[in-house]
Amino acid sequence: MEEIVVTGSRIPRVELTTAAPVTVLNRTQIESSGRPSIGDILQSIPEQSNAINTQFNNGGDGATRINLRGLGTARTLVLVNGRRFVAGGTGADASVDLNSIPTSAIQRIEILKDGASAVYGSDAISGVVNIITRKDFSGTEIAAFSGVSNYGDGVLVDLGATTGQVTERGNILFSGGFIKQQPVWSYQRDFATYQIGLDMPSGELFTLGSSNIPQSRMYPDAAATAGNAAWNALRTMYPKAGSFTLDKETNQWRPFNGSGVEAAGGDLYNFQPENYLVTPQQRGHLFAVGEYKFSPDVRGYFEASFTNRVSEQKLAPEPLIIGTAIAGEDVYIDANNPYNPFGVDFLRYRRRLNEFSNRVFREDVNTFRVVTGVNGNLPFLSNWTWDVSLNLGRNDATFLKRGTVQLSRLQNALGPGFYDAATNTYKCGAPGAEIDGCVPINLFGGAAMKRPDGGTGSITEDMVNYLSFSGTSLGYNQQLIAAANVAGELFRITPTAHMAGLAAGYEFRKEAGAFIPDPLTQRGDTSGNKGEETKGTFSVNEAYLELSLPILGQFGEQTQGGKDLLELNAAGRFVSYSSFPEPNFSYKVGARLSPIQDITLRGTYSTAFRAPSIGELYSGQADDFPAVTDPCSTATAGGTRPAGTLDTNCLAQGVPNNFFDDSKQIRSRVGGNPALEPETAQIITAGLVVEPRVLKDFSITIDYYNIAVKNSISTIGADQILASCYPGDPGVTPQYCDKVRRDPTSHTIQSIYNPLANVGGDFTNGIDVGARFEPETPVGRFLIDADVSWLGLFDTLLAGTKNYPGVGVGKLIEGKGNYDLGVHPDWVGNAGITWAMDPLRVGLRGRYVGTFKECGDSTGTAAGGGGVCHKDDPDAVDPYSRNVSPYYTVDANVAWTLNSGLGTSTISAGVNNLLNVEPAKVYNGFTAASDTSAYDYMMRYFYARISHKF
């Protein structure tokens with residue numbers, strides 16, 4: 001019987017059932033899914049949650065990643081043919097971009113749902129995804145796929161070709177293809193036209209929008225000089241107004257109305273229609289694999305792949321925020337700006353720059369990987385193999401952004417200016433001392449203003465051209481691995497057992513990466529996000545040993561057949577990194593017991609670790625904008641803070657009692673930390689496999705898992721920093737106040753310093769259940785299968801002061817059944833049925849995401865973040881909450897195979913999300929009042945595929 005290597009072990013074996021749980025997706029399942037991206041396919045499995053994909057527009061980079069157990073993409077190891085694949089993205093990334101692996105080259109996917117650091121090294125904490133490519137293929141196959149949504153958008157075209165040849169001396173295969181995905185805009189889906197909030201006490205819905213509006217928002221309390229008669233008249237007319245805006249109809253200044261978006265009678269800006277809901281991208285790929293037999297005992301092989309991805313994200317036009325509130329720019333509007341009608345210096349002012357068009361972010365990413373090596377049989381030891389290989393991968397990215405403003409030029413344009421009668425133009429500076437090339441900007445006319453030249457908006461094309469720029473950033477990831485392995489049989493412990501097996505090896509790995517922002521972004525001379533350069537490298541030496549010991553064979557059965565009654569496994573890996581001084585040793589032990597052929601009991605205990613990535617170690621300081629509010633702000637403009645501990649702590653930090661800032665996000669400065677230490681983990685699995693002989697072709701698996709990650713690499717968190725500096729509870733000593741930077745004049749928060757650190761931990765457990773029945777009947781072949789995951793625990797320990805016995809000191813967030821840490825319902829599952837009788841195949845598949853709870857803030861408002869369910873603290877006030885509706889979709893597909901003298905053709909068609917189910921409403925979700933990682937924003941999707949093999 002042929003021996004193969006199963007993911008999770010390096011020892012070749014006859015039996016496919018191992019001590020660790022492994023799920024396999026075959027090529028038929030991949031092709032019938034109607035999803036050309038392997039990332040989209042993997043994101044639908046129950047064991048995966050909360051990974052980035054192409055539905056991420058704000059914060060996305062065109063990548064699709066895999067996040068087993070929801071513990072983070074960096075804790076899931078991705079392999080191709082058992083070897084590491086280079087990280088992908090815009091540079092200095094910590095995980096693999098699955099869009100860089102061509103789906104047409106894949107034979108099957110093996111998913112190890114267990115820790116495997118002892119076998120594979122760092123990153124394999126929550127599991128391993130091993131993508132097995134096609135190899136033994138003779139002939140030529142061409143294929144074309146196209147799909148379109150129920151709304152006529154989101155068109156996707158996938159063209160590919162594969163050719164291969166197998167001979168007695170070896171094999172070779174080439175594959176190439178092109179994929180183009182068109183975008184979906186938010187306004188093209190009813191559920192995404194507006195960002196919606198919920199007032200939980202009343203049950204009323206309301207529209208959310210940005211307070212940075214196209215018609216300008218002017219703050220009287222930020223006026224630094226006395227002003228002219230027009231200014232005095234406005235202040236006299238509206239003495240209590242917190243801010244003003246320019247009315248579209250009357251073209252007069254009036255108090256700003258923040259009750260909702262314009263369609264709901266307010267002045268807030270509805271940014272949703274200006275955003276992609278599903279981002280566009282195109283990919284071209286080439287793949288080749290081959291093997292040549294030099295002699296009966298020596299073989300050479302290679303793998304090579306190249307993928308080019310061009311992707312794009314579009315956001316609403318830039319919100320220019322003058323002052324030091326969220327994303328506030330340290331510039332001001334001069335009283336003598338030629339368009340300033342009030343003769344007053346404005347230190348705080350907001351304007352949505354609609355005339356600049358959308359902010360655009362485009363990635364052009366090339367990913368190259370080549371593996372070459374030699375393997376064979378040891379001539380002096382029977383049943384022993386050896387392998388020596390070199391693995392080189394590189395990812396190069398060019399990142400282009402436009403739609404932002406150059407700040408140094410902005411101050412020139414906002415500063416004093418004058419009218420030059422000789423040229424009939426406005427100029428910056430003063431007569432005789434004008435600033436060459438500068439064009440004063442008019443922020444006071446509003447985006448709806450009708451200009452004499454027939455254009456719309458107070459900002460003209462000349463103003464835009466002077467201030468705007470296109471920034472080009474560069475990045476890369478590089479990986480070099482040299483490896484040598486041996487594996488074989490040792491001895492037989494009992495006459496009926498399989499042979500004991502041993503695998504050992506050495507690996508040298510070097511990782512390098514960088515992300516180099518454009519010069520203006522690096523020096524902070526741009527509106528919006530600023531960021532410093534990230535660049536670094538590390539190397540690691542690793543040695544491992546793995547042992548398989550079949551203790552007892554089945555009584556009365558031959559060695560070659562059946563399962564061993566008892567098998568023990570052990571593995572250990574020693575690693576030494578250049579990026580931290582202490583070496584690490586990880587180990588794993590497992591056991592598999594089969595008292596009868598029908599039943600197998602299995603279990604593992606392992607330690608695991610994850611070394612800090614280059615980005616985590618060496619990332620420069622960059623901007624982030626978390627959804628937090630200033631705890632020292634009054635509830636409304638013109639009010640005062642209630643007396644108490646919070647007020648006392650705010651006053652101690654110099655924040656006056658009547659301070660008001662309604663910003664829903666605050667600039668945070670995040671970055672790497674070279675002093676980071678590795679994360680460590682303990683993983684336990686225990687399972688049952690039932691394959692009854694009385695019911696042929698039926699199997700069921702039940703597996704328990706428990707993962708505890710300590711020394712987690714994370715930020716303290718902007719919310720925790722603010723809550724710790726300004727505690728509202730008496731007796732709590734303020735801390736982290738040195739990380740909060742306020743403007744000394746306006747008192748608004750300029751930034752929160754929030755670097756990475758080894759803080760807290762992550763803990764999860766649950767049960768996976770899988771069932772499969774594949775009978776042959778007189779009326780055809782059936783496949784009935786189901787995979788269901790029940791979540792028992794999902795906790796994260798953040799920085800804090802409370803002691804949790806057996807867990808640690810910090811702030812515990814319970815994510816199971818709550819939206820505090822993403823979508824983590826009690827139940828998630830897939831189930832399907834397929835019927836096939838040549839030449840026809842028909843299938844139905846359903847996906848289910850269970851219910852969970854989301855909580856409102858202290859007032860019961862759920863509006864894009866801020867609500868946390870306090871299940872861990874019995875003394876906390878039970879927050880307002882609601883249950884998110886369960887979500888289910890049904891996919892249908894049909895395929896017809898035709899044989900002729902010209903070869904074999906297969907025509908297939910299908911519908912994803914047949915019932916056109918909208919994403920579940922999650923009012924604390926960041927996009928479209930839902931969650932981009934958990935739900936299908938495309939909705940009903942029709943597709944067809946035709947392939948022909950010569």
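Calculation notes
- Residues numbered from 1 in each chain as written.
- Predicted model: local features only at pLDDT ≥ 70, side-chain atom pairs only at ≥ 80, totals over all residues.
- Heavy atoms only, no water.
- Helix = DSSP H or I, 4+ residues; strand = E, 2+ residues; numbered from the N terminus.
- Rg over C-alpha atoms; globule rule 2.2 N^0.38 Å.
- Buried < 20%, exposed > 50% of the residue type's maximum accessible area, 1.4 Å probe, protein only.
- Contact = heavy atoms within 4.5 Å.
- Disulfide = S-S within 2.5 Å.
- Arc of directions from axis to C-beta.
- Pairing = 2+ DSSP bridges.
- Core = buried A, V, L, I, M, F, W, Y, C linked by side-chain atoms within 4.5 Å.

> Quick question: what am I supposed to make of the overall build of the chain here?
From N to C terminus, the chain includes ten helices and 50 strands. Relative to the globule expectation of 30 Å for 950 residues, the C-alpha radius of gyration of the chain, 31 Å, shows essentially globular dimensions. Counting over 950 residues, the chain shows a buried share of 55%. At a minimum sequence separation of 6, the contacts of the chain that also span at least 24 residues come to 71%.

> For this particular structure, what's the right way to read the environment of Leu793?
Its location among the elements puts Leu793 in strand 41 (residues 780-804). A relative accessible area of 27% means that Leu793 is categorised as partly exposed. Along the primary structure Leu793 and His824 are separated by 31 residues, whereas in three dimensions their C-alpha atoms are 9.3 Å apart. Dropping the residues within four chain positions of it, Leu793 is found in contact with Phe763, Thr764, Asn765 and Lys816.

> Looking at this structure, I do not really get the state of the cysteines. What am I missing?
In a disulfide, the sulfur atoms of two cysteines are covalently bonded to one another. The tally for this structure, following the rule as stated, stands at four disulfides. Between the sulfur of Cys428 and that of Cys438 lies a disulfide, 2.0 Å long from S to S. Across the S-S bond linking Cys428 and Cys438, the dihedral sits near -65 degrees, which makes this disulfide left-handed. With Cys428 in strand 23 (residues 425-430) and Cys438 in the loop between strand 24 (433-434) and helix 6 (461-467), this residue pair connects regions lying ten residues apart in the sequence. An identical accessibility class is assigned to Cys428 and Cys438; each is buried. One disulfide in the model links Cys632 with Cys650; its S-S distance is 2.0 Å. Disulfide Cys632 to Cys650: torsion about the S-S bond roughly -90 degrees, handedness left-handed.

> Is there a simple way to think about helix 9 (residues 645-652) in this case?
For an α-helix, the turn length of 3.6 residues means that residues three or four places apart are oriented alike. If you check which residues of helix 9 are buried, you get Asp647, Asn649 and Cys650. One side of helix 9 carries all its buried residues, which in axial view fall inside an arc of 165 degrees. Looking one or two residues beyond helix 9, the residue adopting positive phi is Gly654, at roughly 85 degrees.

> Got a minute to help me understand helix 10 (residues 718-725) in this structure?
With six of its eight residues buried, helix 10 lies for the most part within the structure. Along helix 10, the residues classified as buried are Ala718, Gln720, Ile721, Leu722, Ser724 and Cys725. Considering only its buried residues, helix 10 is in contact with helix 9, strand 36 (740-742), strand 37 (749-753), strand 41 and strand 42 (808-814).

> It is not clear to me how the environment of Thr629 should be interpreted in this structure. Could you clarify?
In this structure, Thr629 sits in the loop between strand 31 (622-624) and helix 9. In this structure, the C-alpha to C-alpha distance between Thr629 and Ser32, residues 597 residues apart in sequence, is 47 Å. Contacts of Thr629, omitting those with residues within four sequence positions, involve Ser663, Lys664, Ile666 and Leu722.

> I keep staring at the sheet that holds strand 10 (residues 195-199) and nothing clicks. Help me out?
Strand pairing in a sheet relies on backbone hydrogen bonds, with the paired strands running either antiparallel or parallel. Pairing in this open sheet of three strands is antiparallel, and the strands run 11-10-46 from one edge to the other. Strands at the two margins of the open sheet, each flanked by one partner only, are strand 11 (204-208) and strand 46 (861-862). Judged from the two bridges that link them, strand 10 and strand 46 form a sheet pairing that is antiparallel. Counted as the bridge partner of Leu198 is Ala862 from strand 46.

> Just to check I follow, could you spell out the nonpolar core for this structure?
Soluble globular proteins tend to pack their nonpolar side chains together in the buried interior. One finds Met218, Trp253, Phe342, Phe346, Tyr349 and Leu443 to be the most contacted residues of the largest nonpolar core, which totals 32 residues. Apart from the residues within four sequence positions on either side, Leu443 is in contact with Ser216, Leu320, Ile322, Ile333, Tyr349, Arg351, Leu353, Leu414 and Ile459. Judged by nonpolar contacts, the second largest core, of 25 residues, contains Leu156, Val849, Tyr887 and Met938.

> Please explain the sheet that holds strand 5 (residues 127-133) as it appears in this structure.
Taken together, the five strands give an open sheet; going across it, the order is 1-4-5-2-3, and neighbouring strands pair in mixed fashion. Each having just a single partner strand, strand 1 (22-26) and strand 3 (83-84) make up the two edges of the open sheet. With five bridges joining them, strand 2 (residues 76-80) and strand 5 adopt parallel strand pairing. When the bridges of strand 5 are listed, Leu77 appears paired with Val128.

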